[in-house]
Structures are given as structure tokens and as C-alpha cells.
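Each chain is listed here by its residues.
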Amino acid sequence: MNQGPTTHSRIAWAKWLPILAWGRAYDGRQLGGDLLAAGIVTLMLIPQSLAYAMLAGLPPQAGLYASMLPLLAYAVFGSSRTLAVGPAAVTSLMTATAIGQLAAPGTPAYWEAALALALLSGGILLVMGLLRLGFLANFLGHPVIAGFISASGLLIAFGQARHVLGVSAHGDTLLELLPALWHQLPMLNWPTLMLGGGALLFLWWSRQRLGRRLRAWGWRSGLVDVLGRAAPVLAIALTTLAVWAWNLQDQGVKVVGAVPQGLPSLTWPTWNPALWSSLAMPALLLSLVGFAESVSVGQTLAARRRQRVEPDQELLALGASNVAAAVSGGLPVTGGFSRSVVNFDAGARTPAAGVYTAIGIALAALLLTPLLRYLPQATLAATVIVAVLSLVDIAVFRRIWRYSRFDFSVAAATLALTLLAGVETGLVAGVVLALALHLYRSSRPHVAEVGQVPGTEHFRNVRRHAVNTCEAVLGLRVDESLYFANARYLEDCINDAVARRQQLKHVVLQCSAINDIDASALASLEMIEVRLREAGICLHLSEVKGPVMDRLSRTSFLQCLSGQVFLTHYQAIAALAPEGLGK
């Protein structure tokens, strides 16, 4: 049965607006799971939103504003069924770093810069999505991300320590933060330390021990999870009550203060070319980091339910979410790992859970903000510290070290440079170092002399296996595509081999691992062919892949080749030196 134009139109629209796909099949079963998940995530997101806004140097209501319209935008455009967007620790740190040099925290200019950063980031993500440039996030390899995230977690934790201690210590790097904290220790505020330290211990205990204790007592897992996620809310309630009851703000405990009650008004960042040009590079880095984190989390969760996440569609969704944050007084957002996992585990079935979460945050902004006046900043700092310390993953460095020293050097360098030079410098340096090491490794590809495994048609490295070889024929397997950076290396390898073998008559390049040959490599192959022919040696190719063969056929190289092109390496040896084949 042919599909009519209406059906094709729906499919086309659903590709750009995934809400049309899952929205038509929405039912009561999905509603129940989404509502439960939204309730749990809302409990978690309220303190996180306040804390991450403070981490970014913005008023606490900015975190609430960034948890409303962005969630609605993602529900319309997002391809993940369970990703939960909102303010996140790393993006908040990058926001503070980007605009901290342009304006003083707490000023209207600072908030204006945050809105411009969110809008720029959203615009970059939208353009990348329309151009299908999701692959650019692949340049943030796992070692770079591992080093950057762990370093960011440490920087955030040390940066928030001043709020727990009740001192004034600032800095963007560990070299600035540690001396500042040390010099301020004599002036720490003891009531602040009691509140912040108590909240820190309680949150750590509730995360590490509470669940196991309650399960040992026979409590249901679902209820245990809800209580665990509600721990920050309880810490906020108790410390706020303590400040109000004992007037601790008069003893130097810094509080959030008056938080405007109500929903955000729609705004548009002021056009300021100088400001926007200064934020262009930070916005690009922020976009790449946020996208890489979101797609990684979304794909991991989607795989558990055999669903798919479209990276290019995620670019559009995150772009729309950041634009929504910019026009509603928020800050840059991304898909958070902890929120998304909670959303998934709580039973969210569709992005509608994010819509219900946004409604819950809106109700909190309408009804609960007067209760935040006496909320101590130390409690919010404790919430951030406990959350970000889970980002510091020492085990991943051990695994990378055991697997690859090159990759470990990238991860370690990114970690060190982020801690010592700042988040932007560390991230850029990590990417540059990763690319440089990749070029270095690929410029010296693994070139193996191969021989026949006795009794088979297989050929393996002579240094690893007991194989049959022939003095008149040299078989070389190049385990890398050939391009400008490694073409000369192949020339050197062949020249060295020829100089060591006086009886050599044939060189056979086994091309099974060569996926591409660029113009520079083609020129090197032509030079190799000329030199071998002058030395009375024939050059042959075997197991050339179809796309590579198609490109070579468009040149004169194959016509000038002194040897032949063989379908398999076995056929090459059988034709050139059958006496060298073992039985």
C-alpha cells in the first residue's frame, strides 16, 4: 500500500520534531511513569539549580529559570526519551570562568553576559545541528574528557570550600585557590563551618550509606531512592530553619537573601558586539563539552531500552534549550548525568517527564522562593561539593594507564593543565595534544613483515608467529591509511628492507588495512615504484580495498606498476614464489 503525501509529511516533520512521534502514542501507562520520575527529579533539581546558579556566579533564581523553558524546548526537539537538561556543574564552572573576566559577579552586566553566553552557545549548537556537524564532538576524546571532568570537579570543590568555611577566597586555578584559602583560614566563620560541614557530612552519608542501611532494614528500593534524592532538600530545610531560628546571619553566616517570587519574564540579550566577540570561543568550547556530555549520557541510557539517540538532532535540541534559557533569564544548560540517570531509574518513558519537571520548578518559583531568604550559601556549596566529587574518577586513569601510555599522557596533561591553567586552557590544550599525538602515531604506522602460517592461506607478522618466508619476496602489511604524514615513513621502511636483502626480487604491499591513499601518499608510492624498478625489484599490491582501487584506477599508477595487483596475499606468493609456501 502506497503512503500518501500526508504520511510522508508527518514522517518529515517527526524527524525534526520528535515530539510528533512519541506524542501520538502517549498513553496512561507512560503518564504514570513520567509523573513519578518528574516528582523525584524536581526534588533533586531544586537544590541543584540554586547551587549551580551560585557556582556560575549568578543569583539563585537564575538556576530555577534555567530549569523551566529549556526543559520544554528539549521535550519538543530532543531525541532521547530520558535525558534531563538543566544547569550542570561543569558548564556552570565554564560559565563563571568565561564571564568572570568581563564583569563582576552579582552585577547586571554579569547576568547580561551569562544570557549572551547561553544565546551564543545555543546558536552555535543550532548551526552545528543544521549542518550535521555532530562529529566535531568526537575530537573531545575519552582521555581528554576524563582529565577535564575530573579536574573540573576538583576545581569546583576547592572553589566552593570558601562558602563552607565562611571566608573570601577567589581564583580560577588551583594555584590561585589553595593559597587564597590558606591565607583566609584564620578568618573562618565557625557558625558557617558548622552549618556547611554538617550539611556536607549529612549529604555524603545519605549518598554513601543511607540507601544500604534502609535496604538492610527491609525498605523498598523505590522509596529508598526517593529518600536519597530528597536528602539535599532536607539539608536545605534544616539549615534554613537553623539560620532563621538563631539569627545566624547576624553572626556572619551568608544567606541567599530575597529571591524574586514568580516566573521569569521573557527577555533578549542586548546586542553588544564587543561582549559577544569575547564570548565566542568560550561559547564554542561550552557547546562542545555540553554536547559531548549529553550525547554520551543519552546514548548510554537509550541503549538500555534499545532506543536510539540522533546526535545531530541532539544538537538542535540542546541549541533550542540554550536559546530558551537565554530568553528566560537562565544560564547555559546541558543534559546532566545524575539527573538523567535518576529520571531513567524513576521510570520516565518520554520527554514529557521534563515538561512535568518544568511545571514542578515553576510551582516552586511561584510558591517556595520566600522560604529561601534564610538559606545559607554554605548548604548550597555543600550540595555542589558532594555532587562534583563523584566526577573525580581516579579509576579511569588507572585503566587508561594500563591500556595506553599515549592516552594516559593526554588525560594526565589535560588534568594538570586544567587545574593549573584554567578550564579553557586545559580543554584546548588537551584537544591539541590528543590531535598531535594522533598525528605522531599515525605518522609512524605499524609496518609488519608477514609470512605464511604453515598449512593455511593466512599471513602474520614474522616477529609474532612461526611463519614461512622467502628470500626473494618481501611481504609488508601497512596497518594504517596512507597520507601526507606517514608516506615518507613507508618509503624509509621499504628502503631499509631492500638494503638488507640482496636476493630480493619482489615487494608485495598487503593493503588490507589501508582505507585511503591521499595525493602525497600516491606520490610516495610512485617514487617507491621507480626506485624499486631501478634496483631490479618489482612492486606488487595485494588485498586492495574497493574504494582505494577505484581511486588508483583514475591515475596512471597502476599502468606504470612493474608488478601486479593480487586479490589475496596468498595468491601473490603462490604466483611469485610458490616454493616459499609451506604445506
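Scroll up to find the structure this text is about.
Computed from a prediction, not measured in an experiment: that's the story for all the values here.

Colleague: Tell me about the overall build of the protein chain, residues and numbers included.
Modeller: Helix and strand content of the protein chain: 25 helices and 8 strands. Seen along its three principal axes, the alpha-carbon backbone of the protein chain occupies a region of about 95 × 70 × 60 Å. Looking at the protein chain as a whole, 51% of its 583 residues qualify as buried. Within the protein chain, counting contacts between residues at least 6 apart in sequence, those at least 24 apart form 80% of the total.

Colleague: Account for the pattern of salt bridges, with residues named and values stated.
Modeller: Inspection of the entire model under this criterion finds 8 salt bridges. The closest approach of N and O atoms between R132 and D312, which form a salt bridge, is 3.4 Å. With R132 in the loop between helix 7 (108–130) and helix 8 (142–165) and D312 in helix 14 (residues 311–327), this pair connects stretches of sequence that are 180 residues apart. Note that E310 and R308 form a salt bridge whose closest N and O atoms lie 3.0 Å from each other. We classify R308 as exposed; its relative accessible area is 65%.

Colleague: Could you give an account of the pairing of strand 6 (residues 506–510), with specific residues and numbers?
Modeller: Of all 5 residues that make up strand 6, 5 are buried, and the element is covered over most of its length. On strand 6, burial covers both faces: H506, V508 and Q510 on one face and V507 and L509 on the other are all buried. Where strand 6 meets strand 7 (residues 538–542), 5 bridges bridge the pair, whose relative direction is parallel. Within strand 7, the residue paired with V507 across the bridge is L539. This β-α-β element, strand 6 to helix 22 (residues 519–534) to strand 7, shows right-handed connectivity.

Colleague: Please set out the environment of A89 residue by residue, giving values where relevant.
Modeller: By secondary structure assignment, the location of A89 is in helix 6 (residues 89–100). On the basis of relative accessibility, which here comes to 7%, the residue A89 falls in the buried class. For the pair A89 and S542, spaced 453 residues apart in the sequence, the C-alpha separation amounts to 53 Å.

Colleague: Quick one: what's the story with the nonpolar core, residue by residue and with numbers?
Modeller: Counting 93 residues, the largest nonpolar core has M94, I99, L140, F148, L279, L380 and L427 as the members making the most contacts within it. Of all the elements, helix 13 (residues 273–304) adds the most residues to this core, at 13 residues. Apart from residues no more than four positions distant in its own chain, M94 is found in contact with F148, L285, L286, V289, V423 and L427. Membership of the second largest hydrophobic core comes to 29 residues, among which are L482, I514, I537 and F557.

Colleague: I'd like to hear about the sheet that holds strand 6, residue by residue, with values.
Modeller: Hydrogen bonds between backbone atoms are what pair the strands of a sheet, whose relative direction is either parallel or antiparallel. With mixed pairing, the 6 strands of this open sheet are ordered in space as 4-3-5-6-7-8. The two strands at the open ends of the sheet, each matched to only one other strand, are strand 4 (459–461) and strand 8 (565–566). Sheet strands in contact with helix 21 (residues 487–500) are strand 3 (447–452), strand 5 (473–478) and strand 6, and its direction is about 155 degrees off that of strand 5. Contacts from helix 22 reach strand 6 and strand 7 within the one sheet, and its direction differs from that of strand 7 by about 140 degrees.

Reading guide: rules and limits
Residues numbered from 1 in each chain as written. Predicted model: local features only at pLDDT ≥ 70, side-chain atom pairs only at ≥ 80, totals over all residues. Heavy atoms only, no water. Helix = DSSP H or I, 4+ residues; strand = E, 2+ residues; numbered from the N terminus. Buried < 20%, exposed > 50% of the residue type's maximum accessible area, 1.4 Å probe, protein only. Contact = heavy atoms within 4.5 Å. Salt bridge = Lys/Arg side-chain N within 4 Å of Asp/Glu carboxyl O. Pairing = 2+ DSSP bridges. Right-handed = clockwise from strand over helix to strand, strands pointing away. Core = buried A, V, L, I, M, F, W, Y, C linked by side-chain atoms within 4.5 Å. Axes fitted to C-alpha atoms, helices over the stretch in contact; angles between N-to-C directions.

By themselves, these observations are geometric and do not establish any function.
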